[in-house]
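Each chain, written out:
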Amino acid sequence: MPLDKEIIASRDQARRLILLAVWAVVLFGLPLWWKTTRVYRAELPYEDIEHWNDWQACQPTFSIKVNLHLSNAVPLNGGDSTQSPLTGIEEKVGKQMEGLNAAYASKARLSVQVAVSQSWSGSKEADITDRPSAIPGTYDFYISPSGISSASIKSQRQGFIQVQSWDEDSIVNTVVDTVGAIFGPEEKTIKQLVNAAASRGADKVKDQLKAVKYAPGYQLTFSLFSGDASNGVREWKMQEAINAYLAPFLKSMSTVSKFIVESQVQHYASLTFKPSLDANLNEYYLTPDSLPNFINAAEWSLASTVSSLPSLNFLTYIPKPGESPLVIKSGPSAPRSSTNSFLIPRWGGITILNRDNRTSISPQVITVQELEPVMRIFLMQLRDLMGLADLSATKTPFPITFHKTLNDAPTAWELDNLVRRRTAENLVDSLATLTSLSRLVSDTPNMVVLDHIQKDVVDALRDVERSCQRLSEQGYIEALTASRDALVKSETAFFDPTMVSMLYFPDEHKYAIYMPLFVPISVPLLMTVLKELKRWKEMKKAASKEKTE
């Protein structure tokens, strides 16, 4: 019998060793499996992103410097010509700018610094036009006495202010009103942008609803759509028209964004509906309600194959002879649209061109002269789409005249205004994208976050910091470039394709896949452990009983 006990003990030991080995593999393999199948997630700077998004790390300050030049042709009334007649004007202008738009958040502001510079002779042509400021954000105002207060803002960074009463108070009030009229609406817009971002609201600045979102470059597509081929049009001189009317504008705007221009011609581009007929005037017309259905997206080819840049479309439509002339008006006998065109926000513009082949010099060719009114309309629409502000819309207690450039390019004032606003938009959009990415990663544990995504996020925050710093130093071009880099990097990180690979594979899917494999194996293992424990207790109890006997 001792032999039988030894054999039984040997078998029990072998069985326990096998069971121990299996469980050792399970206990060692589970952590290894969990580690090797875990989604890799590089650590993002969550606290820094929230810090920046709340504008705690930086409150954008747009520095503006105004140099005042007083005419020395006439002595100041009630003052000493050897002393500065504008003592205290810097403080007064500062208070005026702080009081503007007090209802909006003060996360961002325009810091206007006024300095009294050297006097001038009072000759407008000699002193103003020959010495324009070449530094964005630095402006010169030349002040002289006159019978009525007024201001004339040149196309470059210069202004000519005439003061009705040649004394210190009148000069101060006129300068304050002029500075507030020029920069007040801009400060309001920037504060609205930052305020909406800080409150995480969905409110948009009114101008943003029309202007296209900022991009480093745009694709401009000029299309000629003809109702049918019977009108005889075979060619249009669009390239020459672009060079004549649009090239100066695009060249000036290159400091903000680059442009690629293409054109196309398409015949038999019919409308999806029949225009209404005004029998009294013998003309066809489109009502404002029908304009949203004007584009025949199913048949008209508007997609660009040249680049992947955001596209802006400018469409010239020549109606069929049986539907000509075609005008835009609200109803029969109503006044026509002065431009016979309309703008589609963030998409482009459309102009209807009515041609009379009987009186046309070249029926088969649309000349540059015929395209001039069309190109001027397109230029006006492009200004709106780019977000160029209308500075002349400001109301002031005295007349202010804003002069345009000779070639219809943006003025230096308009470009500086656009650069500042686009920089603010880029900062807001960059931080909003980074915040969305941070919350998305936090709320989705199975989302992959690779090292290059972490690097893009860190670099984007660094560019935001660099942009804020350059704004306070009046380096607007560098600030715009840094904000643009931040926007590109933040969007690159947010739309990285590697982040979506595990987005639709949550833990529930893992359980559904591995349970049919692990449950059938784990049940016999657990039952074997329980049986072995029961057998061990029985053997221990029997041994204790034998020892007692």
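Residues numbered from 1 in each chain as written. Predicted model: local features only at pLDDT ≥ 70, side-chain atom pairs only at ≥ 80, totals over all residues. Heavy atoms only, no water.

Caption draft 1: Representation of the sheet that holds strand β10 (residues 283-286). Spatially, the 3 strands line up as an open sheet ordered β9-β10-β12, and their pairing is mixed. Either end of the sheet is taken by a strand with one partner, and the two such strands are β9 (276-278) and β12 (326-328). This sheet shows a mean twist of 45 degrees between the axes of neighbouring strands, independent of strand direction. Sheet analysis places β10 next to β12, joined by 3 bridges and oriented parallel. Paired with Tyr-285 across the two strands is Val-327, which belongs to β12. (Pairing = 2+ DSSP bridges. Helix = DSSP H or I, 4+ residues; strand = E, 2+ residues; numbered from the N terminus. Axes fitted to C-alpha atoms, helices over the stretch in contact; angles between N-to-C directions.)

Caption draft 2: A look at the nonpolar core. If you look at the biggest cluster of nonpolar residues, it comprises 96 residues, and the most contacted ones within it are Phe-141, Ile-143, Phe-183, Phe-222, Met-375 and Leu-382. Top contributing element to this core by residue count: helix α8 (residues 412-443), with 11 residues. Dropping the residues within four chain positions of it, Leu-382 is found in contact with Leu-220, Leu-246, Phe-249, Leu-250, Leu-312 and Phe-314. Within the second largest apolar cluster, 16 residues are counted, among which are Phe-294, Leu-302, Leu-326 and Ile-350. (Core = buried A, V, L, I, M, F, W, Y, C linked by side-chain atoms within 4.5 Å. Buried < 20%, exposed > 50% of the residue type's maximum accessible area, 1.4 Å probe, protein only. Contact = heavy atoms within 4.5 Å.)

Caption draft 3: Just the sheet that holds strand β6 (residues 217-226), in detail. The sheet built from 5 strands is open, its strands ordered β8-β6-β11-β14-β13 with mixed pairing. Of all the strands in the sheet, the pair left with one neighbour each is β8 (258-266) and β13 (341-344). Looking at each pair of strands side by side, their axes are set apart by 15 degrees on average, direction ignored. The pairing of strand β11 (residues 311-318) with strand β14 (residues 348-352) spans 5 bridges and is classified as parallel. Across the sheet, residue Phe-314 finds its bridge partner in β14, namely Gly-349. Where helix α6 (residues 238-253) meets the sheet, its contacts fall on β6 and β8, and the angle it forms with β8 comes to roughly 160 degrees.

Caption draft 4: Region of the structure containing a nonpolar patch on the surface. A cluster of nonpolar side chains, contributed by Tyr-511, Met-515, Val-519, Val-523, Met-527, Leu-530 and Leu-533, occupies part of the molecular surface with about 660 Å² of accessible area. Note that Leu-530 resides in helix α11 (residues 507-548). (Patch = residues over 30% accessible without salt bridge, like charges linked within 9 Å, V, L, I, M, F, W, Y side chains within 5 Å. Areas by Shrake-Rupley, 256 points an atom, 1.4 Å probe, with all protein chains shown as cover. Salt bridge = Lys/Arg side-chain N within 4 Å of Asp/Glu carboxyl O.)

Caption draft 5: Molecular detail of the packing of helix α2 (residues 46-53) against helix α9 (residues 451-472). Across the interface, α2 lies against α9 with an axial gap of 11 Å and an inter-helix angle of 30 degrees. The pairing of α2 with α9 is recorded here as roughly parallel in orientation. Taken as a pair, α2 and α9 cross one another with a handedness that is left-handed. For the pair formed by α2 and α9, the contact residues are Asp-48, Ile-49 and Trp-52 on the first element and Val-457, Leu-461, Val-464, Glu-465 and Cys-468 on the second. The residue makeup of the contact of α2 with α9, split by class, is 6 nonpolar, no polar and 2 charged. (Parallel < 35°, antiparallel > 145°, perpendicular 65-115°, else oblique. Left-handed = near helix turned anticlockwise from the far one by under 90°. Nonpolar A, V, L, I, M, F, W, Y, C, P; charged D, E, K, R; others polar.)

Caption draft 6: Region of interest: the side chain of Asn-426. On the secondary structure map, Asn-426 appears in helix α8. A polar atom in the side chain of Asn-426 sits 3.2 Å from the side chain of Ser-483. Not counting residues up to four positions away in its chain, the partners in contact with Asn-426 are Tyr-214, Leu-480, Ser-483, Arg-484 and Leu-487. (Polar contact = N/O pair within 3.5 Å; in protein donor to acceptor, adjacent residues only side chain to side chain.)

Caption draft 7: Structural detail: unusual backbone geometry. Cis geometry is found at the peptide bond from Ser-324 to Pro-325, where omega equals -5 degrees. With respect to the helices, strands and loops of the structure, Pro-325 is situated in the loop between β11 and β12. Its identity is not glycine, yet Asn-340 carries a phi of approximately 55 degrees, on the positive side. Of note, Asn-340 is situated in the loop between β12 and β13.

Caption draft 8: Expanded view of the pattern of salt bridges. Per the counting criterion, the structure on display carries 22 salt bridges. In this structure, Arg-470 and Glu-478 form a salt bridge, with 3.8 Å as the shortest nitrogen-oxygen distance. The network of salt bridges with common partners includes Asp-278, Glu-283, Lys-329 and Arg-336.

Caption draft 9: How the structure looks around the packing of α2 against α8. Two elements in contact, α2 and α8, have axes separated by 10 Å at closest approach and are oriented at 145 degrees. Here α2 and α8 pass one another in a crossing that is left-handed. Across the interface between the two elements, Tyr-46, Ile-49, Glu-50, Trp-52 and Asn-53 of α2 pack against Leu-431, Ala-432, Leu-434, Thr-435, Ser-438, Arg-439, Val-441 and Ser-442 of α8. For the contact of α2 with α8, a count of residues per class yields 7 nonpolar, 4 polar and 2 charged.

Caption draft 10: View of the environment of Asn-293. Here Asn-293 lies in the loop between β10 and β11. Its relative accessible area of 47% is what places Asn-293 among the partly exposed residues. On a C-alpha basis, the gap between Asn-293 and Leu-271 in space is 8.6 Å, while along the polypeptide they are 22 residues apart. Those residues in contact with Asn-293 that sit more than four places away from it in its chain are Thr-272 and Phe-273.

Caption draft 11: Region of the structure containing the packing of aromatic side chains. In total, this model carries 14 aromatic pairs according to the counting rule given. Aromatic pair Phe-222 and Phe-314: ring centres 5.3 Å apart, planes at 20 degrees, arrangement stacked. Taken together, the positions of Phe-222 in strand β6 and Phe-314 in strand β11 put the pair 92 residues apart, joining distant regions of the chain. Plain terms: the ring middles of Phe-294 and Phe-342 are 5.7 Å apart, the flat faces sit at 80 degrees to each other, and that makes the pair edge-to-face. Placement of the pair is Phe-294 in the loop between β10 and β11 and Phe-342 in strand β13, with a sequence separation of 48 residues. For the residue pair Phe-294 and Phe-342, the accessibility class agrees, reading buried in each case. Aromatic ring contacts, followed pair by pair, group Phe-225, Phe-294, Trp-300, Tyr-317 and Phe-342 into a single cluster. (Phe/Tyr/Trp six-rings, centres within 6.5 Å; stacked < 30°, edge-to-face > 60°.)

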